[in-house]
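One letter stands for each residue in the lines below.
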Amino acid sequence: DSGVTQTPKHLITATGQRVTLRCSPRSGDLSVYWYQQSLDQGLQFLIQYYNGEERAKGNILERFSAQQFPDLHSELNLSSLELGDSALYFCASSVRGAGANVLTFGAGSRLTVL
Amino acid sequence: DAKTTQPTSMDCAEGRAANLPCNHSTISGNEYVYWYRQIHSQGPQYIIHGLKNNETNEMASLIITEDRKSSTLILPHATLRDTAVYYCIVRGLSYNTDKLIFGTGTRLQVFP
């Protein structure tokens, strides 16, 4: 157990639907990161939050949005889902969000869009 | 951040040392070398990182060449559970973000 908690572990939904993935960082970590891993794309960085504010953005689609709440948990919202959004979504956390930190990853949420 | 080049795949016999190379010839002075691994579809797992000096922890050793243009991750006694994709990532110190950008990594297969 890495200390980073992601829910749900598995999610099956239909095209056009909207889902929310949740991440609770390790105790004491202020920064959260979201990554997408599909079969043909590898691990892709989506977005980073630090203490509630967006810190860095990767190749995140406009249909996707995220936020970090005052209790530091984060949610990734995926809307108008397409078949190509089927992937593993990983959340990671770190203490400070910048510098030579180590990122700790959760076990992931597997999304299947039918 | 500097680009890295790793072999696509490697094999290693159980109980032997696994030596995973990484080339980062354009690395700059303030960039660290990080190693992570991903076992099957689990979340990536941190292994070790270093700047200039060789580093060792309970999982592995990291050997960085003197010119810092390449490094080697050493798993001293590989087990079947070490079968995974190993990612070498070079990341500079930033005041804004410490995000990691993953490449394609090396798929290590440990065989009995």
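The structure contained in this document is the topic of the report that follows. All figures in this text were calculated on a predicted structure; none of them were measured in a lab.

## Regarding the overall build of chain A
Helices and strands together make up the secondary structure of chain A, namely zero helices and 11 strands. The secondary structure elements of chain A, listed N-terminal to C-terminal, are β-β-β-β-β-β-β-β-β-β-β. A compact globule built from 114 residues would reach a C-alpha radius of gyration of about 13 Å, and chain A, at 13 Å, matches this within 12%. Counting only C-alpha atoms, chain A reaches 40 × 30 × 25 Å along its principal axes. Sequence-distant contacts in chain A: of pairs separated by 6 or more residues, those separated by 24 or more amount to 56%. Looking at chain A, you have 9 positive and 10 negative side-chain charges, and the mean spots of the two groups are 4 Å apart.

## A few points about the nonpolar core
The nonpolar side chains of a soluble globular protein tend to be buried, and buried together. If you look at the biggest cluster of nonpolar residues, it comprises 22 residues, and the most contacted ones within it are B:Trp35, B:Leu73, B:Tyr86 and B:Leu108. Those elements that provide at least two residues to this core are β2 (18–23), β3 (31–38), β4 (45–50), β6 (61–64), β7 (70–75), β8 (84–92) and β9 (106–111) of chain B. A per-element tally of this core places β8(B) first, with four residues. Counting 20 residues, the second-largest nonpolar core is a separate cluster that includes A:Ile47, A:Leu76, A:Leu78 and A:Leu81.

## What about the environment of B:Thr4?
All names here are of chain B. Topologically, Thr 4 is positioned in the segment before β1 (9–13). The partly exposed category is assigned to Thr 4, whose relative accessible area is 26%. Discounting chain neighbours no more than four positions away, the residues touching Thr 4 are Cys 22, Asn 23, His 24, Cys 88, Ile 89 and Val 90.

## Things to note about unusual backbone geometry
Outside of glycine, negative phi angles account for most residues, and trans bonds account for most peptide bonds. Residue and element names in this part refer to chain A. Omega for the peptide link from Thr 7 to Pro 8 comes to -10°, which places this bond in the cis form. Tracing the backbone through its elements, the reader meets Pro 8 in the loop between β1 (5–7) and β2 (10–13). Backbone geometry places Asn 51, a non-glycine residue, at a positive phi of 50°. Assignment of secondary structure puts Asn 51 in the loop between β5 (42–50) and β6 (53–57). With a phi angle near 45°, Ser 80 is a residue other than glycine that sits in the positive phi range.

## Things to note about the sheet that holds β9(B)
Residues and elements named next belong to chain B. The mixed open sheet is built from five strands, whose spatial order is β1-β9-β8-β3-β4. The open sheet has two edge strands with one neighbour each: β1 and β4. Here the average twist between neighbouring strands, direction ignored, is 25°. Taken together, the three bridges between β8 and β9 define a ladder with antiparallel strand orientation.

## Structural notes on the state of the cysteines
Two cysteines whose sulfur atoms are joined by a covalent bond form what is called a disulfide. All names here are of chain A. Applying the stated criterion across every chain yields a total of two disulfides over all chains. Two residues, Cys 23 and Cys 91, share a disulfide whose sulfurs are 1.8 Å apart. Where Cys 23 bonds to Cys 91 through sulfur, the torsion about that S-S bond is close to -60°, and the disulfide is left-handed. Of this pair, Cys 23 sits in strand β3 (residues 19–24) while Cys 91 is found in strand β9 (residues 87–94), placing the two residues 68 residues apart along the sequence. With relative accessibility at 0%, the residue Cys 91 sits in the buried group.

## Focus: the interface of chain A and chain B
Chain A puts 22 residues into the contact, and the matching count from chain B is 22 residues. Note on chain A versus chain B: buried area summed over both sides is about 1700 Å², and carbon and sulfur give 55% of it. Taken together, chain A and chain B are joined by zero salt bridges. Connecting chain A to chain B are eight residue pairs in polar contact (both at pLDDT 80 or more). Every element with two or more residues in the side of chain A that touches chain B is listed here: β4 (31–38), β5, β6 and β9 of chain A. Its residues assigned to classes, the side of chain A that touches chain B shows 13 nonpolar, seven polar and two charged.

Conventions we followed
Residues numbered from 1 in each chain as written. Chains lettered and ligands numbered in written order. Predicted model: local features only at pLDDT ≥ 70, side-chain atom pairs only at ≥ 80, totals over all residues. Heavy atoms only, no water. Helix = DSSP H or I, 4+ residues; strand = E, 2+ residues; numbered from the N terminus. Rg over C-alpha atoms; globule rule 2.2 N^0.38 Å. Contact = heavy atoms within 4.5 Å. Lys, Arg positive; Asp, Glu negative; His and termini not counted. Charge placed at Lys NZ, Arg CZ, Asp CG, Glu CD. Core = buried A, V, L, I, M, F, W, Y, C linked by side-chain atoms within 4.5 Å. Buried < 20%, exposed > 50% of the residue type's maximum accessible area, 1.4 Å probe, protein only. Pairing = 2+ DSSP bridges. Axes fitted to C-alpha atoms, helices over the stretch in contact; angles between N-to-C directions. Disulfide = S-S within 2.5 Å. Buried area = accessible area lost by both parts, 1.4 Å probe. Salt bridge = Lys/Arg side-chain N within 4 Å of Asp/Glu carboxyl O. Polar contact = N/O pair within 3.5 Å; in protein donor to acceptor, adjacent residues only side chain to side chain. Nonpolar A, V, L, I, M, F, W, Y, C, P; charged D, E, K, R; others polar.

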